[in-house]
Amino acid sequence: MDFLRPASWEEALAAKAEHPTAVPIAGGTDVMVEINFDHRRPEYLLDLNRVTELQDWHVGAETVQLGASVPYTKIMENLRAELPGLALASHTVASPQIRNRGGVGGNLGTASPAGDAHPALLAADCEVEVESQARGTRLIPIDAFYTGVKRNALEPDELIKSVHIKKADGPQQYSKVGTRNAMVIAVCAFGIALHPETRTVRTGIGSAAPTPIRAKAAEEFLNAALEEGGFWDNGKIITPSVAKQFAELCSGAANPIDDVRGTANYRKHAVGIMARRTLGWTWESYRSGKGRGAEGAA
């Protein structure tokens, strides 16, 4: 196994062009586990730790451009107001040591359905900026990024540079079920974001389907119910029947498997519970006039 260590983004793109099978490594929190258990033995490892621009972020008028290697700890400390759902998800990632090393780019590159960042990214809405030496830069909508089990829309010579995430214009929440409170792969996870500017709600479901997914039928139902009932304007409590139907549709969107962490039936049930709870939390925050941010996660 050869170790490639580019000192700049341009060198990294050149190395990836010359060695398309090279596996990028930054935090290494996923890649090294696979190598240590001999599940993966790449011919080349492409170390991106000296590419400093991947560790930067920029807060714009409407979006946050988040470098692929920005550690979860930095997201928690610096971007809680702009990206509350992702900040909550970051809190649930493994241990402090891993939160100091791992970043969203690794979750996207691995594309595991259990990646903690995925539900928050789907709910917030974002685009993944990728680049190759030959074709230049392109933006991939998050809804088109996950193409299969641990597969994504990257071409062999492309690298993830950053993620352009819409700044929160309303409350966001994130909830995760695990067998313990730390150092655990999600049994299932759920993210929700209210978008008052467009009067829409977006969701994200993790570890309950072959890929991270949105509960689109549930979103469409809730968007219609909120509009028809005038809830965005009157700020009334969402009726139990609406919350129940939303939860059932979220549960129905899941397509999980039985494995050592949980059964498919349990995952579907848990997704519905998390959907109902997080909807209640975010809507209460919206009603109270906070307008953005989130408090607590289950």
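The structure displayed is predicted, hence computed values, not measured ones. (Residues numbered from 1 in each chain as written. Predicted model: local features only at pLDDT ≥ 70, side-chain atom pairs only at ≥ 80, totals over all residues. Heavy atoms only, no water.)

A. Broad picture of the overall build of the protein. Counting secondary structure elements, the protein contains 11 helices and 13 strands. Principal-axis analysis of the C-alpha atoms places the extent of the protein at approximately 60 × 45 × 30 Å. Buried residues in the protein amount to 55% of all 298 residues. Taking as baseline every contact in the protein between residues at least 6 positions apart, the subset at least 24 positions apart corresponds to 63%. On the protein, roughly 13,500 Å² of surface is accessible, and the fraction owed to carbon and sulfur atoms is 51%. Of the charged side chains in the protein, 32 are positive and 35 negative; the average position of the first set lies 7 Å away from that of the second. (Helix = DSSP H or I, 4+ residues; strand = E, 2+ residues; numbered from the N terminus. Buried < 20%, exposed > 50% of the residue type's maximum accessible area, 1.4 Å probe, protein only. Contact = heavy atoms within 4.5 Å. Areas by Shrake-Rupley, 256 points an atom, 1.4 Å probe, with all protein chains shown as cover. Lys, Arg positive; Asp, Glu negative; His and termini not counted. Charge placed at Lys NZ, Arg CZ, Asp CG, Glu CD.)

B. Just the UniProt feature "domain: FAD-binding PCMH-type" (unreviewed entry) in the protein, in detail. The UniProt record annotates "domain: FAD-binding PCMH-type" (unreviewed entry) at residues 1-170. Counting secondary structure, residues 1-170 comes out at 30% helix and 26% strand; the distance between its end C-alpha atoms is 47 Å. (UniProt positions renumbered as here; feature names shortened; annotations may be inferred.)

C. Focus on the confidence of the model for the protein. Taken residue by residue, the protein gives an average pLDDT of 95. The fraction at 70 or more is 97%. Between residues 290-298, whose pLDDT stays under 50, and residues either more than four places distant or in other chains, the model counts 31 contacts. (pLDDT = per-residue confidence, 0-100.)

D. Up close: the sheet that holds strand E13 (residues 200-206). If you walk across this open sheet you meet the three strands as E11-E12-E13, and the pairing is antiparallel. Because the sheet does not close on itself, it has two edges, and the strands there are strand E11 (172-177) and E13. If you compare each strand with its neighbour and ignore which way they point, the axes differ by 10° on average. Bridge analysis of strand E12 (residues 188-195) against E13 gives seven bridges, and the strand direction is antiparallel. Of the residues in E13, the one forming a bridge with Gly191 is Gly204. (Pairing = 2+ DSSP bridges. Axes fitted to C-alpha atoms, helices over the stretch in contact; angles between N-to-C directions.)

E. The pairing of strand E5 (residues 63-67), seen in detail. Sheet analysis places strand E4 (residues 57-59) next to E5, joined by three bridges and oriented antiparallel. For Trp57, the partnering residue across the bridge sits in E5 and is Leu66. Linking E4 back to E5 in an antiparallel pair, the connection comprises three residues. As paired elements, E5 and strand E10 (residues 159-166) share five bridges and run antiparallel to each other. Looking at E10, one finds that Val64 is bridged to Ile165.

F. How the structure looks around the packing of helix H10 (residues 240-253) against helix H11 (residues 264-287). Between H10 and H11, whose axes approach to 8 Å, the crossing angle comes to 140°. Accordingly, the angle class assigned to the pair H10 and H11 is oblique. Crossing hand, H10 versus H11: right-handed. For the pair formed by H10 and H11, the contact residues are Ala243, Phe246, Ala247, Cys250, Ser251 and Gly252 on the first element and Lys268, His269, Val271, Gly272, Ala275, Arg276 and Leu279 on the second. (Parallel < 35°, antiparallel > 145°, perpendicular 65-115°, else oblique. Left-handed = near helix turned anticlockwise from the far one by under 90°.)

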